[in-house]
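Next come the chains, spelled out residue by residue.
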Amino acid sequence: MAVAGDRRAFDELVRRYQSPVRRFFLHQTLGDRHLSDDLAQDTFIKAYTGIASFRGLASFQTWLMRIAYNVFYDHARRKQGAAMADGLAAEVSAVERVAADESMPSASRSALGIDLYGALQLLKEEERACITLQLVEGYDIAAISRITQMKEGTVKSHLSRGKEKMANYLRKNGYNGR
Amino acid sequence: MEDNERLLQQFFDDAHVCQPLADEGFTERVMRRLPSRADWFARWWTACCVAVFAVLFVAFRGWELLAVHFEVMVRTLAVESFSINLLMLAGILFGLLLVGVEEAVSRA
């Protein structure tokens, strides 16, 4: 395990864990690749400066995802304040953003990808985080609870409400999973 | 409820969202942004200065000196508002100096 100041070991950790962290942010930001990479960078820098606080009780990835969730939570609170001030930030359509971002993987630029961010956009931030942590990253409810610092009951209700909203959206748009 | 979960799982599978993302220079960008030894030194130096200041403040009974100066300031307030302006200016300059030095050290 890397210790503070051991840059070579930390380089290895970033390479190993960059994908789940960036993917988490990509879904939380509804496909904004530049923003999600910025937030992922902040996450790894916080992990580097605070690695002494990692005690190995949870897996390193769970610890890292907890930092990532906190980084996104702080970002969302700041954006919420700014959006209230100018009323514009929340109006940016995920569909437009995906269409404009040429660096998106082809699967995300397809009609299916647009539906993905369109569906995720319907969810509250907490619901989106819980759903992607469970269905994309594969965490169980106990781990999601540790990452988000929510009670397991709260995680379950976010998951249930979020899945209901997303499933209804997909069915309305003709997706039935076959 | 289980239908919803199955549908969503199928949808995420179809969208290939679980595929690993290529690094594409991300690690290098992170490594370039990591705090350097100069940052650690700046933090350590600031902590040392604060500690020394705290020790001197207690050793020389800094609160008594402050009380005397505050009393003089209040007494002269009525007759010499000019000196108050000077004090404020000195305070602002000192603050800017501290911020500037901190910034210079962190960029070094």
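Residues numbered from 1 in each chain as written. Chains lettered and ligands numbered in written order. Predicted model: local features only at pLDDT ≥ 70, side-chain atom pairs only at ≥ 80, totals over all residues.

### Digging into the overall build of chain A
Link 1 in the chain: Along the backbone of chain A there are nine helices and zero strands.
Link 2 in the chain: Start at the N end of chain A and walk to the C end: the helices and strands fall as α-α-α-α-α-α-α-α-α.
Link 3 in the chain: Counting only residues that meet the buried cut, chain A has 38% of its 178 residues in that class.
Link 4 in the chain: Contacts spanning at least 24 positions in sequence make up 61% of the contacts within chain A whose residues lie at least 6 apart. (Helix = DSSP H or I, 4+ residues; strand = E, 2+ residues; numbered from the N terminus. Buried ≥ 20, exposed ≤ 12 C-beta atoms within 10 Å, placed from the backbone. Contact = placed C-beta atoms within 7 Å.)

### Focus: the overall build of chain B
Link 1 in the chain: A tally of helices and strands in chain B yields five helices and zero strands.
Link 2 in the chain: Each helix (α) and strand (β) of chain B, taken in turn from the N terminus, gives the series α-α-α-α-α.
Link 3 in the chain: Counting the 108 residues in chain B, one finds 6% classified as buried.

### A word on the interface of chain A and chain B
Link 1 in the chain: Tallying the contact residues gives 28 residues for chain A and 26 residues for chain B.
Link 2 in the chain: Looking at the side of chain A that touches chain B, the elements with two or more residues in it are helix 1 (7–28), helix 2 (33–49), helix 6 (111–121) and helix 9 (152–172) of chain A.
Link 3 in the chain: Among the elements that make up the side of chain A that touches chain B, the one with the highest residue count is helix 1 of chain A (eight residues).
Link 4 in the chain: Residue classes in the side of chain A that touches chain B are distributed as 13 nonpolar, seven polar and eight charged. (Nonpolar A, V, L, I, M, F, W, Y, C, P; charged D, E, K, R; others polar.)

### Quick notes on the nonpolar core
Link 1 in the chain: Counting 46 residues, the largest nonpolar core has Phe 25, Ala 68, Cys 130, Ile 144, Ile 147 and Met 166 of chain A as its most contacted members.
Link 2 in the chain: Residues contacting Ile 147 of chain A, with those up to four places away along its chain left out, are Thr 62, Met 65, Arg 66, Tyr 69, Leu 133 and Tyr 139 of chain A. (Core = buried A, V, L, I, M, F, W, Y, C linked by C-beta atoms within 7 Å.)

### Here we look at helix 7 (residues 125–135) of chain A
Note that an α-helix has 3.6 residues per turn; residues three or four places apart therefore point the same way.
Link 1 in the chain: Most of helix 7 of chain A sits inside the fold, with 10 of its 11 residues counted as buried.
Link 2 in the chain: When we look at burial in helix 7 of chain A, the residues that qualify are Glu 126, Glu 127, Arg 128, Ala 129, Cys 130, Ile 131, Thr 132, Leu 133, Gln 134 and Leu 135 of chain A.

### Some details on the packing of helix 8 (residues 141–148) of chain A against helix 9 of chain A
Residue and element names in this part refer to chain A.
Link 1 in the chain: At a closest axis distance of 9 Å, the pairing of helix 8 and helix 9 adopts a crossing angle of 105°. As judged from the angle between their axes, helix 8 and helix 9 are roughly perpendicular. Residue-level contacts link Ile 141, Ala 142, Ile 144, Ser 145 and Thr 148 of helix 8 to Glu 152, Val 155 and Lys 156 of helix 9.
Link 2 in the chain: Of the residues assigned to the contact of helix 8 with helix 9, the class counts are four nonpolar, two polar and two charged. (Axes fitted to C-alpha atoms, helices over the stretch in contact; angles between N-to-C directions. Parallel < 35°, antiparallel > 145°, perpendicular 65-115°, else oblique.)

### Regarding the confidence of the model for chain A
Link 1 in the chain: The share of residues in chain A with pLDDT of 70 or more is 78%, and the mean pLDDT across the chain is 82.
Link 2 in the chain: Scored below 50 in pLDDT, residues 88–92 of chain A shows five contacts in the model against residues more than four places distant or in partner chains. (pLDDT = per-residue confidence, 0-100.)

### Here we look at helix 9 of chain A
Link 1 in the chain: Between its first and last C-alpha, helix 9 of chain A extends 30 Å over 21 residues, near the 30 Å set by a 1.5 Å rise per residue.
Link 2 in the chain: Gly 174 of chain A sits one or two residues past helix 9 of chain A and shows a positive phi near 85°. (Expected span 1.5 Å × (residues − 1).)

### Regarding the packing of helix 7 of chain A against helix 9 of chain A
A packed helix pair is summarised by two numbers, namely the angle formed by the two axes and the spacing between the axes.
All names here are of chain A.
Link 1 in the chain: Packing of helix 7 against helix 9 leaves a shortest axis separation of 8 Å and a crossing angle of 90°. Overall, the two elements helix 7 and helix 9 adopt an arrangement that is roughly perpendicular. For the pair helix 7 and helix 9, the contacting residues are Glu 126, Glu 127, Arg 128, Cys 130, Ile 131 and Gln 134 in the first and Val 155, His 158, Leu 159, Arg 161, Gly 162, Lys 163 and Met 166 in the second.

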